[in-house]
Amino acid sequence: MSASPTPTTHPRDVLLGAQAGAIVLPVCDHYSGVEARMRKSLALQAEMAEEFGACVFDVTLDCEDGAPVGGEAEHAQLVTELALAAAPGMRVGVRVHPVDHAAFEADIATIAGRAGSRLSHLMVPKVESVADVAKAAAALDAAGAAQLPLHVLIESPLAVHHAFDIAAHPRVQSLSFGLMDFVSAHAGAIPADGMGVAGQFSHPLVVRAKLEIASAAHAHGKVPSHCVVTEFSNALALRAAAKRAADAFGYTRMWSIHPSQIRPILEAFAPDEGQIDLATRIVDAAIRQNWAPVSIDGALHDRASYRHFWQVLERAHATGRPLPTEAQAWFNTPNH
């Protein structure tokens, strides 16, 4: 394939609209809340960024489950210092306490007030409605972090019901599914195995919640983030769950709670070499035809399929996969 002409308009500007995945995030979001594990997570993030040539997973430092009761202020100070000390170019977020928790406002004032410009996102747990999002956004604005995106955790039947309204809020960048709290919110009506790697893909109420959240996110061009797999020592189960979340449930991102889960998640969400090569051929041909329809291998392609294959390349880049020269050039374009 000869070199592509330099497009006058970048593929991302031509192809991505309100409902087309304009937000691109790493496919893995790794959580840790204990100091030693947070430090190890940040070190691993920097090591893997050097290995892959890109920051391939987020680190979210956890206040909600990481802070000891009565030690919330000290923990907020700790995660702030860790975020400020992270390697340049690394994506670091923080999960604060819920908006109705006594420590919420102090979390925001300390963390966003001091490290807001350094953070990639702020995760707000137990969001029930768009009013909770508005409260979090107002707190960030008051702390001088109006630019900081919000990620929200959907953890109850009521929150699932409100997922489309929550996803529509302009500050929301990603919706995550909180499996454990969702199951426990049903007062025993969902068996405990609904929290397991098998039950979470088979119980009808859990499946419905996952699909609603993914659909709400995609409807507003936001990123759906899949829940945890607690059986972190079972690598095969983790890989199968990640692949199913990506291929059958429409998720484009997934939580990790143990370093051993990061690489399997990257592999499950990454396109394979054949998909990458085909996507490069199609987008390259589209550019050469100034985005008019083209025929590739006997199949007609236009902007609808161009959008799909461009997003394949976006995902390949986000997971650190090698790209053909033509495709790599599109990601080296300034401001893209």
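See the structure shown above.
Definitions and cut-offs
Residues numbered from 1 in each chain as written. Predicted model: local features only at pLDDT ≥ 70, side-chain atom pairs only at ≥ 80, totals over all residues. Heavy atoms only, no water. Helix = DSSP H or I, 4+ residues; strand = E, 2+ residues; numbered from the N terminus. Rg over C-alpha atoms; globule rule 2.2 N^0.38 Å. Buried < 20%, exposed > 50% of the residue type's maximum accessible area, 1.4 Å probe, protein only. Contact = heavy atoms within 4.5 Å. Areas by Shrake-Rupley, 256 points an atom, 1.4 Å probe, with all protein chains shown as cover. Lys, Arg positive; Asp, Glu negative; His and termini not counted. Charge placed at Lys NZ, Arg CZ, Asp CG, Glu CD. Core = buried A, V, L, I, M, F, W, Y, C linked by side-chain atoms within 4.5 Å. Pairing = 2+ DSSP bridges. Right-handed = clockwise from strand over helix to strand, strands pointing away. Phe/Tyr/Trp six-rings, centres within 6.5 Å; stacked < 30°, edge-to-face > 60°. Lys NZ or Arg CZ within 6 Å of the ring centre and 35° of its normal. Axes fitted to C-alpha atoms, helices over the stretch in contact; angles between N-to-C directions. Parallel < 35°, antiparallel > 145°, perpendicular 65-115°, else oblique. Left-handed = near helix turned anticlockwise from the far one by under 90°. Salt bridge = Lys/Arg side-chain N within 4 Å of Asp/Glu carboxyl O. Expected span 1.5 Å × (residues − 1). Arc of directions from axis to C-beta.

Enquirer: Quick question: what am I supposed to make of the overall build of the protein chain here?
Expert: The number of helices and strands found in the protein chain is 14 helices and ten strands. Rg of the C-alpha trace for the protein chain: 20 Å, near the compact-globule value of 20 Å for 336 residues, within the 12% margin. Over its C-alpha atoms, taken along the principal directions, the protein chain stretches across nearly 65 × 45 × 35 Å. Counting every position in the protein chain, which comprises 336 residues, the buried fraction comes to 54%. Summarising the internal contacts of the protein chain: among those between residues at least 6 apart in sequence, 74% fall at separations of at least 24. As displayed, the protein chain has an accessible area near 14,200 Å², and 55% of this comes from carbon and sulfur atoms. Both charge centroids of the protein chain, one from 25 positive and one from 35 negative side chains, sit 3 Å from each other.

Enquirer: Explain the nonpolar core to me, please; I cannot follow it from the model alone.
Expert: Generally speaking, nonpolar side chains in soluble globular proteins are found buried as a group. Leu61, Val94, Leu122, Phe177 and Phe269 are the most contacted members of the largest nonpolar core, which has 73 residues in total. Here this core gets six residues from one element, more than from any other, and that element is helix α9 (residues 204-219). Contact partners of Leu122, with chain neighbours within four places excluded, come to Val94, Val96, Ile108, Leu140, Leu148, Pro149, Leu150 and His151. If you look at the next biggest cluster of nonpolar residues, it comprises 22 residues, including Ile282, Ala286, Trp291 and Val294.

Enquirer: Even after reading the chapter, I still don't get the pairing of strand β5 (residues 150-154), so can you show me in this structure?
Expert: Regular strands have side chains that alternate between both faces of the sheet. Taking burial as the measure, the five residues of β5 include five buried ones, the bulk of the element. Alternating residues of β5 divide into Leu150, Val152 and Ile154 and His151 and Leu153, and every residue in both groups is buried. Taken together, the three bridges between strand β4 (residues 121-124) and β5 define a ladder with parallel strand orientation. Bridge pairing in β5 places Leu122 opposite Leu150. Assessed by its sense of winding, the connection that carries the chain from β4 through helix α5 (residues 130-142) to β5 is right-handed. In this structure, β5 lies alongside strand β6 (residues 172-177), joined through five bridges in parallel fashion. Within β6, the position partnered with Ile154 by the bridge is Phe177.

Enquirer: Sorry if this is basic, but what is going on with the packing of aromatic side chains here?
Expert: When we look at a pair of aromatic rings, we describe it by the centre distance and by the angle of the planes. One pass over the full model with this rule turns up six aromatic pairs. With a centroid separation of 5.4 Å and 65° between ring planes, the pair formed by Phe201 and Phe249 is classed as edge-to-face. With Phe201 in the loop between α8 (179-184) and α9 and Phe249 in the loop between α10 (235-248) and β8 (253-256), the pair connects residues that are 48 residues apart, well separated along the chain. Neither residue differs from the other here; Phe201 and Phe249 are each classed as buried. These aromatic residues form a ring-pair network of at least three members: Trp310, Trp330 and Phe331. Across the ring face of Phe201, the terminal group of Lys210 is positioned such that the distance to the ring centre comes to 3.7 Å. The cationic tip of Lys210 hangs over the ring face of Phe249; the distance from NZ or CZ to the ring centre is 5.6 Å.

Enquirer: How do you make sense of the pairing of β6 when you look at a structure like this?
Expert: Of all the six residues making up β6, six are buried; the element is thus mostly covered by neighbouring parts of the structure. Here three bridges tie β6 to strand β7 (residues 223-226), and the two strands are oriented parallel to one another. Across the sheet, residue Ser174 finds its bridge partner in β7, namely Val223.

Enquirer: What's the story with the packing of helix α12 (residues 273-288) against helix α13 (residues 303-318) in this structure? I'm lost.
Expert: Packed helix pairs are characterised by how far apart their axes lie and by the angle those axes make with each other. Running from N to C, α12 and α13 point in directions that differ by 130°, and their axes come no closer than 9 Å. With respect to α13, the axis of α12 lies oblique. The chirality of how α12 crosses α13 is left-handed. Contact with α12, carried on its side by Gln275, Ile276, Leu278, Ala279, Thr280, Ile282, Val283 and Ala286, involves Tyr306, Phe309, Trp310, Val312, Leu313 and Ala316 of α13 and no other residues of that element.

Enquirer: What exactly am I supposed to notice about the pattern of salt bridges here?
Expert: Pairs can form between side chains of opposite charge whenever their charged atoms are close. For the structure on display, the rule yields 18 salt bridges. For Arg95, the salt bridge is made with Glu64, and the minimal N-O distance between the two is 3.1 Å. Residue Arg95 is located in strand β3 (residues 92-95), and its partner Glu64 is located in the loop between β2 (57-62) and α3 (72-85); the two are separated by 31 residues in the primary sequence. Like Arg95, the residue Glu64 is buried in the burial classification. Measuring nitrogen to oxygen at the nearest pair gives 3.6 Å for the salt bridge that ties Arg239 to Glu267.

Enquirer: Which parts of the structure should I look at to understand helix α2 (residues 35-52)?
Expert: Since the α-helix turns once every 3.6 residues, residues separated by three or four places project in the same direction. Helix length check: α2, at 18 residues, gives a terminal C-alpha distance of 26 Å against a target of 26 Å (1.5 Å per residue), a fit within 8%. By the burial criterion, the buried members of α2 are Met38, Ser41, Leu42, Gln45, Met48 and Ala49. Down the axis, α2 shows its buried residues gathered within 135° of arc, on one side only. Every exposed residue of α2 that faces more than 90 degrees away from the buried side is listed here: Lys40, Glu47 and Glu50. Looking at the packing, one finds that the buried side of α2 touches β1 (28-32), β2, α3, β3 and α11 (262-269). Once α2 ends, the next one or two residues include Gly53, with phi positive near 80°.

Interpretation note: all reported values are geometric properties and have no functional meaning in isolation.
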